[in-house]
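Structural description and commentary
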Amino acid sequence: MSSLRPLTDSPWFWVYLFGTAALIGLALISPKFGPRQAQIEREYQGRTRAAQNLNGVEPDVAMSSAERTFVTLRPLFLTLAGISSLGWIVFWWTRRVHRHSHSPGEEILLNPEP
């Protein structure tokens, strides 16, 4: 019988699990994010162009499209991927170290009493 604790006892397991779930959720919403973000940015750009027209200045603001927006999901994707990777690496490492640091018959005492 193994002396390893259950996987769910590790906080790194949960970091990895929730990070992966967040990446999946982000991948699912990303097709809707581009068009919506472009619409929000075009509303702002339209107001900026109107103000420039009122002041007699030629509008120089390029309009956003679904593929080209100022705000993207890339930083969030990269952050979540980093957190998930870190969670998995630390989880794997702690399980590996824990498994090799104790012999199979040795009892592990977390809080030994004097």
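Structure first, text after, so check above.
Remarks on the overall build of the protein chain
Tallying secondary structure elements over the protein chain gives two helices and zero strands in all. A separation of at least 24 residues holds for 69% of the contacts in the protein chain among residues at least 6 apart in sequence. Summed over its atoms, the accessible surface of the protein chain is roughly 8,900 Å², and 64% of this surface lies on carbon and sulfur atoms.

Considerations on helix H1 (residues 11-54)
Spacing of three or four residues puts side chains on the same side of an α-helix, whose turn is 3.6 residues. Maximum bend of H1: about 50°, positioned at serine 30, with proline proline 31 one to four residues after it. Among all positions of H1, only Phe13, Gly19, Leu26, Gly34, Gln37, Ala38, Glu41, Gln45 and Gln52 are buried. Of the residues flanking the start of H1, the one acting as N-cap is serine 10, its side-chain oxygen 3.2 Å from the backbone nitrogen of tryptophan 12. Two residues or fewer after H1 comes glycine 56, characterised by a positive phi angle close to 75°.

Notes on the side chain of glutamate 41
Looking at the secondary structure, you find glutamate 41 in helix H1. No salt bridge forms around the buried glutamate 41; measuring N to O, its nearest opposite-charge neighbour arginine 68 is 7.8 Å away.

Looking at the environment of isoleucine 89
Residue placement: isoleucine 89 occurs in helix H2 (residues 74-101). Overall, the relative accessible area of 51% leaves isoleucine 89 in the exposed class. Sequence separation of isoleucine 89 and tyrosine 16 is 73 residues, and the distance between their C-alpha atoms is 9.0 Å.

Section: the packing of aromatic side chains
Under the criterion given, the structure shown has six aromatic pairs. On the basis of an interplanar angle of 55° and a centroid distance of 5.7 Å, the ring pair of phenylalanine 13 and phenylalanine 91 is categorised as tilted. Taken together, the residues phenylalanine 13 in helix H1 and phenylalanine 91 in helix H2 connect sequence positions 78 residues apart. The two residues phenylalanine 13 and phenylalanine 91 agree in class, both being buried. The interplanar angle of 50° and the centroid separation of 5.0 Å between the aromatic rings of tyrosine 16 and tryptophan 88 together place this pair among those described as tilted. Highlighted residues: tyrosine 16 in helix H1 and tryptophan 88 in helix H2, separated in sequence by 72 residues. Relative accessible area serves as the criterion here: at 40%, tryptophan 88 is assigned to the partly exposed category. What links up through ring pairs into an aromatic cluster is the set Phe13, Trp14, Tyr16, Phe18, Trp88 and Phe91.

Conventions adopted
Residues numbered from 1 in each chain as written. Predicted model: local features only at pLDDT ≥ 70, side-chain atom pairs only at ≥ 80, totals over all residues. Heavy atoms only, no water. Helix = DSSP H or I, 4+ residues; strand = E, 2+ residues; numbered from the N terminus. Contact = heavy atoms within 4.5 Å. Areas by Shrake-Rupley, 256 points an atom, 1.4 Å probe, with all protein chains shown as cover. Bend = angle between axes of the 7 residues up to and from the residue. Buried < 20%, exposed > 50% of the residue type's maximum accessible area, 1.4 Å probe, protein only. Polar contact = N/O pair within 3.5 Å; in protein donor to acceptor, adjacent residues only side chain to side chain. Lys, Arg positive; Asp, Glu negative; His and termini not counted. Salt bridge = Lys/Arg side-chain N within 4 Å of Asp/Glu carboxyl O. Phe/Tyr/Trp six-rings, centres within 6.5 Å; stacked < 30°, edge-to-face > 60°.

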